[in-house]
Structures are given as structure tokens and as C-alpha cells.
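# Examining the three-dimensional arrangement
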Amino acid sequence: QVQLVESGGGLVQPGGSLKLSCAASGTIGQIYAMGWYRQAPGNQRELVAGMSSVGDTNYADSVKGRFAISRDNAKNTVYLQMNTLKPEDTAVYYCYMRYSSPFSPGQLTHWGQGTQVTVSS
């Protein structure tokens with residue numbers, strides 16, 4: 001069974017920083033991409049940052065220059081360093097992974113349980 005375990009969320013003041021981590025475990029064939037979405041109350045889930053298996057990255061315009069995604073392939077872990085946080089960054093952050101399984105054809109997507117990030121003074 002595949003699991004994504006997130007950590008690092010919490011309460012931070014505007015201008016502060018947080019680092020999220022997401023570790024994948026279980027029977028995984030190949031990881032094609034990992035990254036982060038977020039969802040604020042009343043809003044749709046939106047892509048924050050993603051990284052492909054070859055290191056290509058993409059970011060939401062609203063976080064460019066403030067957030068940085070990175071991966072440790074040996075640990076199947078993705079990180080999101082969030083700097084200069086703003087109140088509008090407040091949301092539940094969800095890790096995702098696109099991967100292959102030896103038990104199913106095609107690409108699969110798995111989601112973490114979500115971690116709350118609150119930016120408030």
C-alpha cells in the first residue's frame with residue numbers, strides 16, 4: 001500500500017518561513033512527479049509547485065520567488081520551502097505523487113492527507 005506522509009505545517013507570522021516534507025513509502029514502481037497543491041476554504045485546490053523525475057519544476061505565479069521545491073530521490077521525499085509567507089498562503093497543503101505500480105497499468109496519482117499552514121499575526 002502506498003502512503004504519503006506530510007509534515008511541517010503550522011502557524012507562522014507574515015513574513016516567516018516553513019518547510020513542508022512529504023515522504024512516500026510502499027510498493028512504488030517509478031515516480032514520475034511529486035509536488036504540492038493547496039486548498040483554502042471556499043476555494044478550489046490549486047497547484048503550488050511540482051517537480052518531475054528529471055528535475056523540471058513549475059510553480060504557481062503567486063509563489064514564484066518565495067517558495068522552492070526540492071526532492072531527495074533516495075528517500076522518495078519532496079520538500080517545499082516556503083519563505084516570506086503571506087496570509088493568503090493560508091490553506092491545507094496536499095502532497096501528490098504520480099507514479100507507476102507493479103500491480104496496475106499506467107500512471108497513478110496518490111495524495112497525502114494534507115497539512116494545515118496558517119499565516120497570521
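The structure under discussion appears in the preceding block.
Given the structure is predicted, the values throughout are model-derived calculations rather than measurements.

Let us look at the overall build of the chain. When its secondary structure is counted, the chain shows zero helices and eleven strands. For the chain, the N- to C-terminal ordering of α and β elements is β-β-β-β-β-β-β-β-β-β-β. The C-alpha atoms of the chain give a radius of gyration of 14 Å, which matches the 14 Å a tight globule of 121 residues would have. Expressed along its principal axes, the backbone C-alpha trace of the chain runs to roughly 45 × 25 × 25 Å. With 121 residues in all, the chain has 40% of them scored as buried. The long-range share in the chain, meaning contacts at least 24 apart out of those at least 6 apart in sequence, stands at 57%. Looking at the chain as shown, the accessible area adds up to about 6300 Å², and 46% of this sits on carbon and sulfur atoms. If the 9 positive side-chain charges of the chain are averaged to one point and the 7 negative ones to another, these points end up 3 Å apart.

Even without being a glycine, Asn76 presents a positive backbone phi close to 50 degrees. As for its placement among the helices and strands, Asn76 is situated in the loop between strand E7 (67–72) and strand E8 (77–82). For Asn76, a relative accessible area of 26% puts it in the partly exposed group.

Before going further, it helps to examine the nonpolar core. If you look at the biggest cluster of nonpolar residues, it comprises 29 residues, and the most contacted ones within it are Met34, Trp36, Leu80, Met82, Tyr93 and Met97. Mapped by element, the contributors of at least two residues to this core are strand E3 (18–25), strand E4 (31–39), strand E5 (46–52), E7, E8, strand E9 (91–101) and strand E11 (115–119). If near-sequence neighbours (up to four positions away) are discounted, Met82 is found in contact with Gly16, Ser17, Leu18, Leu20, Arg66, Phe67, Tyr93 and Val117.

Across all of its chains, the model carries one disulfide by this definition. There is a disulfide in this structure between Cys22 and Cys95, and the S-S distance comes to 2.0 Å. Judged by the sign of its S-S torsion, about -80 degrees, the cystine formed by Cys22 and Cys95 is left-handed. Of this pair, Cys22 sits in strand E3 while Cys95 sits in strand E9, and the two are 73 residues apart along the sequence. Comparing Cys22 with Cys95 shows no difference in burial state: the two are buried.

The next thing to look at is the pattern of salt bridges. For the structure shown, the criterion picks out four salt bridges. Between Arg38 and Asp89 there is a salt bridge whose closest N-O contact spans 3.0 Å. Of the two residues, Arg38 sits in strand E4 while Asp89 sits in the loop between E8 and E9, which places them 51 residues apart along the sequence. Each member of the pair, Arg38 as well as Asp89, carries the same accessibility label: buried. The shortest N-O distance in the salt bridge between Asp89 and Arg66 comes to 2.8 Å. Residue Asp89 is located in the loop between E8 and E9, and its partner Arg66 is located in the loop between strand E6 (57–59) and E7; the two are separated by 23 residues in the primary sequence.

Calculation notes
- Residues numbered from 1 in each chain as written.
- Predicted model: local features only at pLDDT ≥ 70, side-chain atom pairs only at ≥ 80, totals over all residues.
- Heavy atoms only, no water.
- Helix = DSSP H or I, 4+ residues; strand = E, 2+ residues; numbered from the N terminus.
- Rg over C-alpha atoms; globule rule 2.2 N^0.38 Å.
- Buried < 20%, exposed > 50% of the residue type's maximum accessible area, 1.4 Å probe, protein only.
- Contact = heavy atoms within 4.5 Å.
- Areas by Shrake-Rupley, 256 points an atom, 1.4 Å probe, with all protein chains shown as cover.
- Lys, Arg positive; Asp, Glu negative; His and termini not counted.
- Charge placed at Lys NZ, Arg CZ, Asp CG, Glu CD.
- Core = buried A, V, L, I, M, F, W, Y, C linked by side-chain atoms within 4.5 Å.
- Disulfide = S-S within 2.5 Å.
- Salt bridge = Lys/Arg side-chain N within 4 Å of Asp/Glu carboxyl O.

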